[in-house]
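The primary structure of each chain is shown beneath.
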Amino acid sequence: MILYLGCIFLWIVSRERIKGVNVPDCSTKKLIWTYHARNEEEFLLFCDLPELQKSHFSHRNQLSPAQVPEQGPCSGSKNLSDVQWYLQSQNEDPQREISRNYPRILNALYFSPITMKDAGSYICRPRIRNPQDDGCCIKMIVVVKPKKNTSCSDAGHEQTLRLGRLASISCPGLNCEIPTQSPEVTWYHDGKLLPNKRSNPMSLGEVYDFNSGTYTCDYKQSNNTNFWIVRAVIQVKTVVEDTKSKPDILEPDKDILEVGLGKPLNLTCKVRFGFEMDFKPIFKWYIKDAGEEKEVKICHAVESISSSSNEVFQCTYSLKEVTQSDLQKKFICFAKNSKGNDTKTIQLKVKKGVVFIYILPGTIIIMVGLLTASALLYTYWIEIVLLYRTHQNKDETLGDKKEFDAFVSYAKWNSLESQATSSLSEENLALNLIPEVLENKYGYTLCLLERDVAPGGVYAEDVVNIIKKSRRGIFILSPDYFSGPNVFELEAAVNLALDDQTLKLILIKFCSFKEPESLPHRVKKALSVLPTITWRGLKSVPPSSRFWTKMRYHMPMKSACVTPCHFSQR
């Protein structure tokens, strides 16, 4: 009868505690739990829905997705982290949904630590669920108790276990509160229920890496009227046995360090320490100068690399600039742990070849500059010479007693062929384009047999006389030129040029040709040594083309234009 009345009283109290909680589609008559937590301690509040299986979670206040079974009344929720939480605090504030950015670990709310203001009624349910899942929720009442015995309740919330040893975990504060009882304890490891672990302390057997993590222990307490669950959180870390080795200095790794005078310098002391439970490393720089040792920097434990078996720390000593006196000193890196100490000494030395390092880039730059200038000079040499001639304004034709700047020789066509001649024929180049550019644009005096020599004379005599009175001979070469009578004009010019140093010959390669075997030896030799300009069809027609630039380069240098010649034989 007394037990029956106590249950009725507990039901009434529970109804009062959740008064005002009204979550849509969630019955307030199912799954009501009361938890007691200690103020200023870590606390986890699981959403223990029947079909939600607790999975591993990371103690980083972040959510990690996990899959849950699809059967049962809560089958609409497949993600343990996608749980809605509601809170109504003890001071009768309106019920509110707990935002997603509230610290959580998968299906649990995480309090680090829990405080008196966190007390109240909590409701959880899947965020996504089937319409028929009205009862898919849990009501939990959290009561936060002040600490009565601080030394007792603080003990055991952080436990360190040695790998390979036999160990057990105790539920914090249990023996302090009920020293004469040994209640059944429910254990969780990283949110996963450990069904076969019901005792306190909980035996782990031999310790492995996977034994580390967050453990939660629950045990029931009651009085004459109701009961509640006391929950505590333990953070377990697994470590190796203490090292048996002294520190290992990784840097500096050499005894002599080459430096530049006047330059800043950073000296790094990097030390690897083996694991120790009571870890009190010492590492520092000191200087030995003229037999005296002076400590210059004690390094703080600034960790750079860490593992379960060792930790690496480093310390940097900086010189604003290296002086001559620094070369006489010894810089010593010192490290010490409980097993011994190690040192590494560095002496500074002036870096050799510093001048060479600065000279080499300068030499390379100069060489690259010279090569670039040479390439530009080679490419644009003709333009540079023409520019120089224009600037000098000299005239090499004065006093040479010659009448013509150039004689033009080309393959002559008969009347029928002339009618079919294209605009880019040899005849068009000789009679139209060359006079148009050299005579009309640049003022040179040209002589062409058809245009400037009256008919009726002796051909050979006329050719020789014209070449003698010319400063240049322009010969437009093609297969037709070598197969016709005009080759005589080239032969005559070659012979005359051997005696007349003022006569220079210019060859225009109008199209590809093969030298006839019948050519005199002197002509063959001349073809191999005389300057040759290639005619490139339409590309060479414009007066600004490279073809005409080369023609001007080989023509006489004149300061003023003269009247074009119209020489008449006899």
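In what follows, the accompanying structure is described.

Calculation rules
Residues numbered from 1 in each chain as written. Predicted model: local features only at pLDDT ≥ 70, side-chain atom pairs only at ≥ 80, totals over all residues. Heavy atoms only, no water. Helix = DSSP H or I, 4+ residues; strand = E, 2+ residues; numbered from the N terminus. Buried < 20%, exposed > 50% of the residue type's maximum accessible area, 1.4 Å probe, protein only. Contact = heavy atoms within 4.5 Å. Areas by Shrake-Rupley, 256 points an atom, 1.4 Å probe, with all protein chains shown as cover. Core = buried A, V, L, I, M, F, W, Y, C linked by side-chain atoms within 4.5 Å. Phe/Tyr/Trp six-rings, centres within 6.5 Å; stacked < 30°, edge-to-face > 60°. Axes fitted to C-alpha atoms, helices over the stretch in contact; angles between N-to-C directions. Parallel < 35°, antiparallel > 145°, perpendicular 65-115°, else oblique. Nonpolar A, V, L, I, M, F, W, Y, C, P; charged D, E, K, R; others polar. Disulfide = S-S within 2.5 Å.

### A word on the overall build of the protein chain
Part 1: Each helix and strand counted, the protein chain has 13 helices and 29 strands in total.
Part 2: Counting all 570 residues of the protein chain, 42% fall into the buried class.
Part 3: In the protein chain, the share of contacts with a sequence separation of at least 24, taken over all contacts with a separation of at least 6, comes to 70%.
Part 4: Entry remark: accessible area of the protein chain is about 32,000 Å², with carbon and sulfur atoms responsible for 53%.

### Observations concerning the nonpolar core
Part 1: Membership of the largest hydrophobic core comes to 25 residues, with the highest contact counts inside it found for Ile467, Phe475, Leu477, Leu490, Leu505 and Leu527.
Part 2: Within the residue set of this core, elements represented by two or more residues are strand S25 (404-409), helix H9 (459-468), strand S27 (470-477), helix H10 (479-483), helix H11 (487-499), strand S28 (504-509) and helix H12 (521-529).
Part 3: Top contributing element to this core by residue count: H11, with five residues.
Part 4: Not counting chain neighbours up to four residues away, the residues in contact with Phe475 comprise Ser409, Tyr481, Glu489, Leu490, Ala493, Leu505, Ile506, Leu507 and Ile508.
Part 5: The next biggest cluster of nonpolar side chains, apart from the first, holds 23 residues, and it includes Val408, Leu448, Ile476 and Trp535.

### Remarks on the packing of aromatic side chains
Part 1: Taken as a whole, this structure holds 15 aromatic pairs when the rule is applied.
Part 2: With centroids separated by 5.6 Å and ring planes inclined at 10°, the aromatic side chains of Tyr208 and Phe210 adopt a geometry described as stacked.
Part 3: Judged by centre distance (6.0 Å) and plane angle (85°), the rings of Tyr481 and Phe482 are edge-to-face. Considered together, Tyr481 and Phe482 belong to a single accessibility category, that of buried residues.
Part 4: Taken together, the ring pairs connect Phe510, Trp535, Phe547 and Trp548 into an aromatic cluster.

### A few points about the packing of H11 against H12
Part 1: Packing of H11 against H12 brings their axes to within 9 Å, and their N-to-C directions diverge by 80°. It follows that H11 is roughly perpendicular to H12 by the angle criterion. Judged by residue contacts, Leu490, Glu491, Val494, Asn495 and Leu498 of H11 engage Arg522, Val523, Ala526 and Leu527 from H12.
Part 2: Split into classes, the residues belonging to the contact of H11 with H12 amount to six nonpolar, one polar and two charged.

### Things to note about unusual backbone geometry
Part 1: Put simply, Ser112 and Pro113 share a cis peptide bond, and its omega is -5°.
Part 2: Inspection of the secondary structure assignment puts Pro113 in strand S6 (residues 108-114).
Part 3: Each neighbour pair has its own omega, and for Glu251 with Pro252 the value is 5°, a cis peptide bond.
Part 4: Among the secondary structure elements, Pro252 is positioned in the loop between strand S16 (248-251) and strand S17 (256-259).
Part 5: Phi is positive for Lys401, which is not a glycine, with a value near 60°.

### With respect to the state of the cysteines
Part 1: All told, the structure shown has three disulfides when counted by the stated rule.
Part 2: Across the disulfide, Cys171 is cross-linked to Cys217 (sulfur-sulfur distance 1.9 Å). Sign of the S-S torsion, about 75° for the bond between Cys171 and Cys217, identifies this disulfide as right-handed. Here the residue Cys171 occupies a position in the loop between strand S10 (166-169) and helix H3 (174-177), and Cys217 occupies one in strand S14 (residues 213-222), the gap between them amounting to 46 residues.

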